[in-house]
Amino acid sequence: MRFNITKLTAVTALALGLAAAGAQAQTLRIAHVDPDEWTASKKGAAAHVFKNIVEGETDLTVELFPAGALGNEDELVNQVQEGLTQIALVSGAMSKVCPAASVLDIPYTFASATIAWDVLDGPFGDALAAHCLDKTGLRTLAYGETGFRNFTNGTREIRTPADMEGLKFRVQPIPLYIEMVKGLGGEPTPIAWTELPNALSTGVVDGQENPVGVIYANNLHKLQKYMTLDGHVYAADFIIINDEFFQSLAPAEQEVVAKAARVAGTMGRAIQQWGTAEGVNKVQAEGMQVYSPTSDELAMFAEKAQPAVVEYLRGELGDDAKWIDDLQAAVSTASE
């Protein structure tokens, strides 16, 4: 029998290619920008829990890329869209590709974390996930938590918006945050995160805003004297997966991946809540004065901050501005 060497070579190459593709399909890359240490990092903990469940219940292999190893959040979102990375845990970057997600940043929307969880894990969160999937090709498997953001400063205690007047606050270079601080009477100053410590030390700004855990972990409490637990923005984490990759998985694998993400999101929330409580105790022990506004005082903050932000978002979102009303209705239901 005579063999056609050319055909044999082609078939062999095809077989090797399919084998390689099959091997590649069994590996799932998950990336985030937080530290890998699971006891202190909400995304780190979530990623490890996800890996353990998926590898324990499927033949998939999960590779972890923490601490920005594959880039910043914007880059991670792009990589997942392109299929270079299968899963990412991101927060603010999601609203850049799915603008409707920015409604979650309307200040003083959520009175508590439990209300936020009810909203995100309920019909509103499902609808937002479906909308973002349609817009981006990114499937939101579950929501985690970056936590409530709070104001700090080195000048005086802040109990009401009147106490913010004349103070310069570092904000992210995001219009929503600029409008919020303006509405509260402060002077917003967009500054890169890496430049914040120096800006606080030299008096370029008087204060800043971040979750408690971030403030403590980055020693910002050593540069500021006062913290106000106003919780102006609740920041959610999005656990996103490339939907084309998700659809390529077997139904049983899809079920495990979805379940693992939900458990991972819950773990991230737990670590964040623990980190916040521990962080408040630690900054107080190290000399920071911490104030918790009353419900009446928080209402004053909301009255000042929300109108400007909502007006800005309605202009930016256009037809998608309906998500503002949908969110407010969901919060109202969850608060009953």
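Preceding this paragraph is the structure being described.
All of the points below concern the structure found in this document.

Topologically, Asn 210 is positioned in strand β7 (residues 207-211). Overall, the relative accessible area of 6% leaves Asn 210 in the buried class. Engagement of the side chain of Asn 210 in a polar contact is seen with the side chain of Arg 149, the distance being 3.2 Å. Separated by 2.8 Å, the side chains of Asn 210 and Gln 208 make a polar contact.

This part is about the packing of aromatic side chains. Each aromatic ring pair is described using two quantities: the centre-to-centre distance and the angle formed by the ring planes. According to the stated counting rule, one finds 6 aromatic pairs in the structure shown. Ring centres of Tyr 108 and Phe 301 lie 5.9 Å apart, and the angle between their planes is 35°; this geometry places the pair in the tilted category. With Tyr 108 in the loop between α4 (94-97) and α5 (113-120) and Phe 301 in helix α12 (residues 295-317), the pair connects residues that are 193 residues apart, well separated along the chain. Judged by relative accessible area, Tyr 108 falls into the buried class, the value being 13%. The structure contains a cluster of three or more aromatic residues connected by ring pairs, namely Phe 110, Phe 148 and Tyr 234. Sitting over the ring of Phe 65, Arg 29 keeps its end group 4.7 Å from the ring centre.

Take unusual backbone geometry next. The backbone of Ala 67 shows a phi angle near 55°, a positive value even though the residue is not glycine. Mapped onto the elements of the fold, Ala 67 is located in the loop between β2 (61-65) and α3 (73-82). Of note, Asn 219 is a non-glycine position whose phi angle comes to about 60°, a positive value. Along the polypeptide, Asn 219 turns up in the loop between α9 (212-217) and β8 (226-242).

Our next topic: the packing of α5 against helix α13 (residues 322-334). For any two helices packed against each other, the geometry is given by the interaxial angle and the distance between the axes. Where α5 meets α13, the axes come as close as 9 Å, and the angle between the chain directions of the two elements is 120°. Classified by the angle between their axes, α5 and α13 sit oblique to one another. Seen from above, α5 lies across α13 with right-handed handedness. In this structure, α5 uses Ile 115, Asp 118 and Val 119 to contact α13, whose residues at the interface are Leu 327, Ala 330, Val 331 and Ala 334. Split by residue class, the contact of α5 with α13 holds 6 nonpolar, no polar and 1 charged.

What follows is about α5. Turning to α5, its buried residues number three or more, namely Ala 113, Ile 115, Ala 116, Val 119 and Leu 120. Buried residues of α5, viewed axially, fall in a sector of 160°; they line one side. The inward-facing, buried residues of α5 abut α6 (123-136), β4 (138-153), β8, α11 (251-285) and α13.

Turning our attention to the pattern of salt bridges. For the coordinates displayed, the defined rule picks out 13 salt bridges. Between Lys 43 and Asp 237 there is a salt bridge, with its nearest N and O atoms 3.0 Å apart. Of the two residues, Lys 43 is situated in helix α2 (residues 42-57) and Asp 237 in strand β8; the sequence distance between them amounts to 194 residues. Looking at Lys 43, the relative accessible area reads 2%, which means it is buried.

Among all positions in helix α7 (residues 175-183), only Leu 176, Tyr 177, Met 180 and Val 181 are buried. Looking straight down α7, one finds its buried side chains confined to an arc of 125°; they lie on one side. At its buried positions, α7 is contacted by β4, β5 (168-171), β6 (187-190), β7, β8 and α12. Looking at the residues trailing α7, positive phi occurs at Gly 185, about 95°.

The rules we used
- Residues numbered from 1 in each chain as written.
- Predicted model: local features only at pLDDT ≥ 70, side-chain atom pairs only at ≥ 80, totals over all residues.
- Heavy atoms only, no water.
- Helix = DSSP H or I, 4+ residues; strand = E, 2+ residues; numbered from the N terminus.
- Buried < 20%, exposed > 50% of the residue type's maximum accessible area, 1.4 Å probe, protein only.
- Polar contact = N/O pair within 3.5 Å; in protein donor to acceptor, adjacent residues only side chain to side chain.
- Phe/Tyr/Trp six-rings, centres within 6.5 Å; stacked < 30°, edge-to-face > 60°.
- Lys NZ or Arg CZ within 6 Å of the ring centre and 35° of its normal.
- Axes fitted to C-alpha atoms, helices over the stretch in contact; angles between N-to-C directions.
- Parallel < 35°, antiparallel > 145°, perpendicular 65-115°, else oblique.
- Left-handed = near helix turned anticlockwise from the far one by under 90°.
- Contact = heavy atoms within 4.5 Å.
- Nonpolar A, V, L, I, M, F, W, Y, C, P; charged D, E, K, R; others polar.
- Arc of directions from axis to C-beta.
- Salt bridge = Lys/Arg side-chain N within 4 Å of Asp/Glu carboxyl O.

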